[in-house]
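Structural overview for review
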Amino acid sequence: MLLRKYMSLLGVGSAQIDLILEKDVLVPGDSVNGKFLIKGGTVDQDLQLIECALVMVNLKTEAEKVLDTVSIDVQLRIQPDGDDMVPFSFLLPLDVPPSSKDISYHLKQSWSLNRALKAGMKT
C-alpha cells in the first residue's frame, strides 16, 4: 500500500481529471461553463486546487499565450475508483480575437493532489 501511495505522487495510479464544456462554440463575453470529471486512482488522494487556463495558439508559429486563468480551491478526498464532479464557470474576455486559420484556442488544466502538481491535457 505504501508503494502505491508513493507511485501515485509520481502519477502512476493517480486520479484523473477530465474537462467537459457545455458548449464548444463561444463568442467574446460569453460565459464558459463546464465541469471537471474526477476519477479516482489506486489510492485515496486529497485534491486541493484545480487551475484552468485559456490559451491562444498562433497556428503559424505554434506560439502559445495564456489569456486568462481560473483557480478553483477544492478540498476533496478522491476515493480509489471513485467519481466526483466539480463545476466551473468564467467569462470569456471581450477582447479575444475570433478563431481563424491562424488562431486557435484551447483550455489547459492543472491540479494539485497531495502536494504533487499534475499537468492536465488540452481540451
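Note that the structure is a prediction, hence the values are computed from the model and not measured.

**Remarks on the overall build of the protein**
For the protein, the count of helices and strands is 1 helix and 7 strands. Mapped from its N terminus to its C terminus, the protein presents α and β elements in the order α-β-β-β-β-β-β-β. The buried share of the protein, taken over its 123 residues, is 36%. For the protein, the exposed area adds up to about 7700 Å²; of that, 56% sits on carbon and sulfur atoms.

**Description of the confidence of the model for the protein**
Considering every residue of the protein, the mean pLDDT works out to 83; 81% of them sit at 70 or more. Note on residues 1-12: pLDDT under 50 across the span, and 14 contacts to partners over four residues away in sequence or across chains.

**Description of the pattern of salt bridges**
With the rule as written, the count across this model stands at 6 salt bridges. The salt bridge involving lysine 39 is made with aspartate 83; its shortest N-O contact spans 3.3 Å. Placement of lysine 39 in strand β2 (residues 31-39) and of aspartate 83 in strand β5 (residues 83-91) is noted, with a sequence separation of 44 residues between them. The exposure class assigned to lysine 39 is partly exposed, which follows from its relative accessible area of 42%. Between lysine 108 and glutamate 64 there is a salt bridge whose closest N-O contact spans 3.0 Å. Residue lysine 108 is found in strand β6 (residues 103-113), and its partner glutamate 64 is found in strand β4 (residues 64-78); the two are separated by 44 residues along the sequence. Each of Asp44, Asp46 and Arg77 takes part in a single network of salt bridges with overlapping partners.

**Observations concerning the nonpolar core**
A general tendency of soluble globular proteins is for nonpolar side chains to be buried together. Of all hydrophobic cores here, the largest spans 22 residues; its most connected members are Ile17, Phe36, Leu47, Ile50, Ile72, Val86 and Phe88. Only β1 (16-21), β2, β3 (45-58), β4, β5 and β6 provide two or more residues apiece to this core.

**Examining the pairing of β2**
Of the two faces of β2, the one holding Val32, Gly34, Phe36 and Ile38 is buried and the one holding Ser31, Asn33, Lys35, Leu37 and Lys39 is not buried anywhere. Of the strand pairs in this sheet, β1 and β2 are connected by 6 bridges, and their pairing is antiparallel. Residue leucine 19 lies in a different strand from β2, and its bridge partner there is phenylalanine 36. In the sheet, β2 pairs with β5 via 9 bridges, with the strands oriented antiparallel. Paired with glycine 34 across the strands is phenylalanine 88, a residue of β5.

Conventions used here
- Residues numbered from 1 in each chain as written.
- Predicted model: local features only at pLDDT ≥ 70, side-chain atom pairs only at ≥ 80, totals over all residues.
- Heavy atoms only, no water.
- Helix = DSSP H or I, 4+ residues; strand = E, 2+ residues; numbered from the N terminus.
- Buried < 20%, exposed > 50% of the residue type's maximum accessible area, 1.4 Å probe, protein only.
- Areas by Shrake-Rupley, 256 points an atom, 1.4 Å probe, with all protein chains shown as cover.
- pLDDT = per-residue confidence, 0-100.
- Contact = heavy atoms within 4.5 Å.
- Salt bridge = Lys/Arg side-chain N within 4 Å of Asp/Glu carboxyl O.
- Core = buried A, V, L, I, M, F, W, Y, C linked by side-chain atoms within 4.5 Å.
- Pairing = 2+ DSSP bridges.

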